[in-house]
Amino acid sequence: MRLTVIGTGYLGATHAACMAELGHEVLGVDVDPEKVAALQGGQVPFHEPGLPELIARHTASGRLAFTTDHAAAGAFGEVHFVCVGTPQRQGSGGADLTHVDAAFAAIAGHAAEGSLIVGKSTVPVGTAERLAARHGAEIAWNPEFLREGHAVEDTLRPDRLVFGVRSARAEGLLREVYAPVLGAGTPVVSTDFPTAELVKTAANAFLATKISFINAMAEVCEAAGGDVGVLAEAIGYDDRIGGKFLRAGVGFGGGCLPKDIRAFAHRADELGVSLAFLREVDAINMRRRDKVVGLARELCGGSVLGARVAVLGAAFKPGSDDIRDSPALNVAARLRLDGADVTVYDPEALDNARKAYPLLGYALSAEEALERADLVLHLTEWPQFRELDPERAAELVSRPRIVDGRGTLDAGRWTVAGWHFRALGRPAPVGEGTLEGLQGRGRERQ
Ligand code: UDX
């Protein structure tokens, strides 16, 4: 089939490349000529495993091309996918639909008779209905559930496909688009517009709730002397609960979960339904960042003023260079405002971090970040941070004290190597020295 993909950001570039991989001829459209030129040249402006190879292969074969010309796109495609962003609106938690509205207007003005316009963006319930009434064209809603770092895999082998449709013809076209995916046994849920829109927001709300639930348990563990890691493992054995998305730590960030739960609560309010619990989910999540800032102050004797703080991690999660609403950078920036001398290291996100937070210090390796640090904060769980040698790390720092904000470091190894080790929601390891003792034995290398 001939498909167009409007918006070539994270979602659109992945969708376009994966549709070409499924055997379609695909034209990606974007208003940004630089982005279009880069993608046409096989360059992907963000880190996503497997995507550069896919884009390079299909642009080279001619099955995938990019343009800024909506008229050309309208003439080209039988099915047009709208994949533009829905950021948080300034001043309220609601979603900003400017890009969605503009993309629908642009393509509807050029789409050939009988073509289908499919929204993939995450939108407040009611958007598809409104757009259908406005444009008269046939519309469907087909939300995406891809995770950054697994975007290609999630698009080619999704857990499920959701089709919000109003006609058998629209459903038929979507089944034709995804025929190889459906052929692999992927379940499809065919439903109305509001349900399709809500599936996406409900899924993200549930995931965010699961993370904040375990982080609330971490708060209780901190107060009661329990271990949230053991607690999560034990409750996760219950199939009804499941162990996934129960990793306690500094909380969720990124371009989706935080803004999507706010937009969902806002939209529910408009509909007269209270989703107040989502505001608590948000608040718990933010409190975890406060907790790390508080621990940093405590470990530095009450104030971080003048302390050298090494922050391991800048991306909102490992496997990504995305720093949108990154807990790691949020904590780093707050400590810097408190007068700390902060040095950040991340394997992929340094360029993005430097642009957004030019006042923070940056290192080109974890070792360089650790040099002469008074405190180390582990805030994005890249696998290479787990491989760090605590003995060697202790030789690099001024004072061996670390906060594991992701619960993935081996507390025993770090403690044996002489570190004062703290993790969120977990008791200090047995044999941990007192802070006073630690300050006494800290290596003075200033
Ligand atoms: C999310 C959804 O998973 C995806 O389905 C949707 O389409 C977009 O939003 P993504 O933003 O890529 O995807 O990240 P995800 O892997 O869900 O992680 C979100 C955040 O939660 C990260 O900051 C991660 O570090 C954090 N997280 C995740 C936890 O703190 N604990 C966990 O147990 C899991």
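Every value quoted in this text rests on a predicted model; they were computed, and no experiment measured them.

Partitioning the protein into structural domains gives domain 1 (2-191) and domain 2 (192-446). Computed over C-alpha atoms only, the centres of domain 1 and domain 2 are separated by 33 Å. Counting residues at the interface gives 36 residues for domain 1 and 26 residues for domain 2. A buried area of about 2500 Å², summed over both sides, lies between domain 1 and domain 2, and 61% of it is on carbon and sulfur atoms. Across the domain 1-domain 2 interface, the total number found is 2 salt bridges. Note that E148 is salt-bridged to R324, the shortest N-O span being 3.2 Å. Put simply, domain 1 and domain 2 have 14 residue pairs in polar contact (both at pLDDT 80 or more) between them. Among the secondary structure elements, those contributing two or more residues to the side of domain 1 that touches domain 2 are α6 (127-135), β6 (138-141) and β7 (161-164). In terms of residue count, the dominant contributor to the side of domain 1 that touches domain 2 is α6 (4 residues).

We now examine the site of the ligand. Contacts to the ligand come from 20 residues, most closely from F145, L146, E148, R247 and K317. R247 places a polar main-chain atom, nitrogen or oxygen, 2.8 Å from an oxygen atom of the ligand. F316 places a polar main-chain atom, nitrogen or oxygen, 2.9 Å from an oxygen atom of the ligand. A total of 670 Å² of accessible area belongs to the ligand in isolation, and the protein chains cover 95% of it. Considering only residue class, the shell around the ligand consists of 10 nonpolar, 3 polar and 7 charged. Counting the residues that make up the shell around the ligand, at least three belong to each of domain 1 (2-191) and domain 2 (192-446).

By the definition in use, this model includes 0 disulfides. The structure places no disulfide on C18, whose sulfur is separated from the nearest cysteine sulfur, that of C83, by 11 Å. The closest cysteine sulfur to the non-disulfide-bonded C256 is located on C83, 13 Å from its own sulfur. The exposure class of C256 is partly exposed, given its relative accessible area of 32%.

The tally for this structure, following the rule as stated, stands at 32 salt bridges. Residue R288 pairs with E222 through a salt bridge whose shortest N-O separation is 2.9 Å. Of this pair, R288 sits in helix α13 (residues 276-299) while E222 sits in helix α10 (residues 193-224), and the two are 66 residues apart along the sequence. Take R288: its relative accessible area is 1%, and that puts it in the buried class. With relative accessibility at 28%, the residue E222 sits in the partly exposed group. In this structure, D238 engages R240 in a salt bridge whose closest nitrogen and oxygen atoms are separated by 2.7 Å.

If you look at the biggest cluster of nonpolar residues, it comprises 55 residues, and the most contacted ones within it are V309, L335, V342, V344, V376, L377 and W419. Setting aside residues up to four positions removed in sequence, V376 forms contacts with A310, L312, L370, V397, R401, I402, V403 and W419.

It is worth spelling out the confidence of the model for the protein at this point. Residues of the protein with pLDDT of at least 70 account for 96%, and the chain-wide mean is 95. Throughout residues 433-446 the model reports pLDDT below 50, and contacts reaching past four residues in sequence, or to other chains, amount to 34 contacts.

Analysis parameters
- Residues numbered from 1 in each chain as written.
- Predicted model: local features only at pLDDT ≥ 70, side-chain atom pairs only at ≥ 80, totals over all residues.
- Heavy atoms only, no water.
- Domains from an automatic or database assignment.
- Contact = heavy atoms within 4.5 Å.
- Buried area = accessible area lost by both parts, 1.4 Å probe.
- Salt bridge = Lys/Arg side-chain N within 4 Å of Asp/Glu carboxyl O.
- Polar contact = N/O pair within 3.5 Å; in protein donor to acceptor, adjacent residues only side chain to side chain.
- Helix = DSSP H or I, 4+ residues; strand = E, 2+ residues; numbered from the N terminus.
- Near = heavy atom within 4 Å.
- Areas by Shrake-Rupley, 256 points an atom, 1.4 Å probe, with all protein chains shown as cover.
- Nonpolar A, V, L, I, M, F, W, Y, C, P; charged D, E, K, R; others polar.
- Disulfide = S-S within 2.5 Å.
- Buried < 20%, exposed > 50% of the residue type's maximum accessible area, 1.4 Å probe, protein only.
- Core = buried A, V, L, I, M, F, W, Y, C linked by side-chain atoms within 4.5 Å.
- pLDDT = per-residue confidence, 0-100.

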